[in-house]
Amino acid sequence: MVDPIYSDVAVTWIGAAGCAVYAHFLWQIRRSSSLARAALFLFVPLALLLLIRGFFWMIPESRALGRTVLGLATLLPIAVTIFSEHLLRRHHPLSLKLSALVVSAVFFVINLIVALPANLPLLIAFLCCFLVVLAWNGWQLVQHKYSDLPRHEIDIARATALVALLSLPLVMTDFREEVDIGPMRLGALGPLLLVHVLLHLTHTGNATIQALLRLVALTIAAATLSFVFSLMALGFGPLLPATWLRGLPVAIAWVLLASSIMQTRRLQSEVQSQNFLRWLLHARMDSIDGFFTSLRWLPLTGESIILRPPDLTTYDTGRMLAVVANRRDPMSVGEARNWVRAPGDRLDAAEQWLDLFERHDMTHALIVSRDPVLLILLNLPQSGSVIANEIRAGVIQRIARRIAEEEPHVH
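The rules behind these values
Residues numbered from 1 in each chain as written. Predicted model: local features only at pLDDT ≥ 70, side-chain atom pairs only at ≥ 80, totals over all residues. Heavy atoms only, no water. Phe/Tyr/Trp six-rings, centres within 6.5 Å; stacked < 30°, edge-to-face > 60°. Helix = DSSP H or I, 4+ residues; strand = E, 2+ residues; numbered from the N terminus. Buried < 20%, exposed > 50% of the residue type's maximum accessible area, 1.4 Å probe, protein only. Lys NZ or Arg CZ within 6 Å of the ring centre and 35° of its normal. Pairing = 2+ DSSP bridges. 1 Å grid on protein atoms, 1.4 Å probe; cavity = no way out; pocket = protein on both sides within 12 Å on 5 of 7 lines; lining within 4 Å. Points joined across faces, edges and corners; volume = space filled by probe spheres on them. Nonpolar A, V, L, I, M, F, W, Y, C, P; charged D, E, K, R; others polar. Patch = residues over 30% accessible without salt bridge, like charges linked within 9 Å, V, L, I, M, F, W, Y side chains within 5 Å. Areas by Shrake-Rupley, 256 points an atom, 1.4 Å probe, with all protein chains shown as cover. Salt bridge = Lys/Arg side-chain N within 4 Å of Asp/Glu carboxyl O.

Notes on the packing of aromatic side chains
Stage number 1. Under the criterion given, the structure shown has 9 aromatic pairs.
Stage number 2. Between the aromatic rings of Tyr 22 and Phe 25, the centroid separation amounts to 6.3 Å while the plane-to-plane angle is 25 degrees, which identifies the pairing as stacked. Taken together, the residues span about one helical turn, with Tyr 22 and Phe 25 both in helix 1 (residues 4-29) at a distance of 3 residues.
Stage number 3. Where Phe 43 meets Phe 83, the ring centres are 6.4 Å apart and the plane angle is 85 degrees; that geometry is what we call edge-to-face. Placement of Phe 43 in helix 2 (residues 34-58) and of Phe 83 in helix 4 (residues 76-88) is noted, with a sequence separation of 40 residues between them. Here Phe 43 and Phe 83 have matching classes, each one buried.
Stage number 4. Chaining the aromatic ring pairs together yields one cluster made of Tyr 22, Phe 25, Phe 43 and Phe 83.
Stage number 5. Positioned above the aromatic ring of Trp 57, the side-chain terminus of Arg 185 is 4.3 Å from the ring centre.

Remarks on unusual backbone geometry
Stage number 1. Between Asp 371 and Pro 372 the backbone carries a cis peptide bond, its omega angle lying at 0 degrees.
Stage number 2. Along the chain, the position of Pro 372 falls in the loop between strand 3 (364-370) and strand 4 (373-378).
Stage number 3. In the Ramachandran plot, Asp 361 falls in the positive-phi region, its phi being about 55 degrees despite a non-glycine side chain.
Stage number 4. Mapped onto the fold, Asp 361 is located in the loop between helix 15 (347-360) and strand 3.

Thoughts on the pairing of strand 4
Stage number 1. A large share of strand 4 lies buried, amounting to 6 of its 6 residues.
Stage number 2. Here strand 4 shows a buried face lined by Val 373, Leu 375 and Leu 377 and a second buried face lined by Leu 374, Ile 376 and Leu 378.
Stage number 3. Across 3 bridges, strand 1 (residues 305-307) lies against strand 4 in antiparallel orientation. Bridge assignment links Leu 307 to a residue of strand 4, and that residue is Leu 375.
Stage number 4. The hairpin turn running from strand 3 into strand 4, its antiparallel successor, is 2 residues long.

Quick look at empty space enclosed by the protein
Unoccupied space between atoms shows up once a probe the size of one water molecule is rolled over them.
Stage number 1. For the structure shown, the criterion picks out 1 cavity of 30 Å³ or more.
Stage number 2. Considering only enclosed or pocket space, the largest cavity measures out at about 30 Å³ in volume.
Stage number 3. Leu 312, Thr 317, Met 320, Leu 321, Trp 353, Val 373 and Leu 375 are the residues that line the largest cavity.
Stage number 4. Here the element with the most residues in the lining of the largest cavity is helix 13 (residues 317-322); it accounts for 3 residues.
Stage number 5. The class makeup of the residues in the lining of the largest cavity is 6 nonpolar, 1 polar and no charged.

Quick word on the environment of Cys 128
Stage number 1. Topologically, Cys 128 is positioned in helix 6 (residues 120-143).
Stage number 2. C-alpha of Cys 128 to C-alpha of Met 172: the two residues are 44 residues apart in sequence and 9.2 Å apart in space.

Remarks on a nonpolar patch on the surface
Stage number 1. A contiguous nonpolar patch, built from Tyr 6, Trp 13, Leu 51, Phe 55, Met 58 and Ile 59 and spanning about 530 Å² of accessible area, is present on the exposed surface.
Stage number 2. Contributing elements (two or more residues each) for the nonpolar patch: helix 1 and helix 2.
Stage number 3. Among the elements that line the nonpolar patch, the one with the most residues is helix 2, at 3 residues.
Stage number 4. Mapped onto the fold, Phe 55 is located in helix 2.

Purely geometric numbers; function is a separate question.
Below, the structure is given as structure tokens:
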């Protein structure tokens, strides 16, 4: 039979991956959200803690790993308190903040002097103090005066409080060897649940009910996944139920991670759209040269190349522009290649477009002006968001055209 420690390690490393994915997403939006900055202080230590803890469980005799794990764990009381306070956008009671600070500071110093993993009484004391702080924060999220909070913030607070409540017994199972609670370590599922709920919260409907229903559905999917793999490995027999239960936490962790990654990718696309709108808000539109300068501020166009008539003397720009007519969308290298594969009256122009793209290692061209010729060459990422990036490039082209039309010296 497989050593149970490997199931524990798998769950905690999947939890580390989930926290790392969410921390990366938070890093992208940290400048526009104080909650994101507070959450980073929680999820970065959590990701490191879970990662290192997996190695510590496999090498329990390593004091250095044990002290590192507990040193990171001592940051959690104050990190959880700061996060929940920012979530409510209201101050917690001073007694709660002081308690969290004292617990973190005192046990951090104790861990430097006396290795907490080797001192059972102190380890249990830290566990109890952390659970008290976690429950206290959950209570603040539940009982806060909701009369001064918007409805969607009430739902978010309650859903987060639900995760805090579910995390209490999960955290205790990580100390199964010290206090003999449960056969498996499930503490890493707490952070995964929190990441999943925070990523999927919406401003419509009852967030708590939504979170519960979503978690039930994911648990059913994970149970099915664990059963299928157990059945494939063992077939029907007396060992099947035990193997299924042993693999269930890993399956739950994996399903939560996969769902969180998919949601993160969707939200990152929204963040890119928000960043583009923010850039439009601050872009210079007083002159075409000022607009070109603003292109350097946008990651999508940071490496763009501006081509004017002296840069295009080796090309028949009249023929090149004739085949694109008055199109609103950018000219792409893919379109030029399609024209080459279907010979016709556009063949010569298509070959010149291909040469232009390949010479500058770019994928798209924005036609700003035809007389005199003024082009912006871009290298748009060929990723899942290529369509959205082409639309943004089309918006940039249209704005640049309008600005160029208003400047007499451009014509």
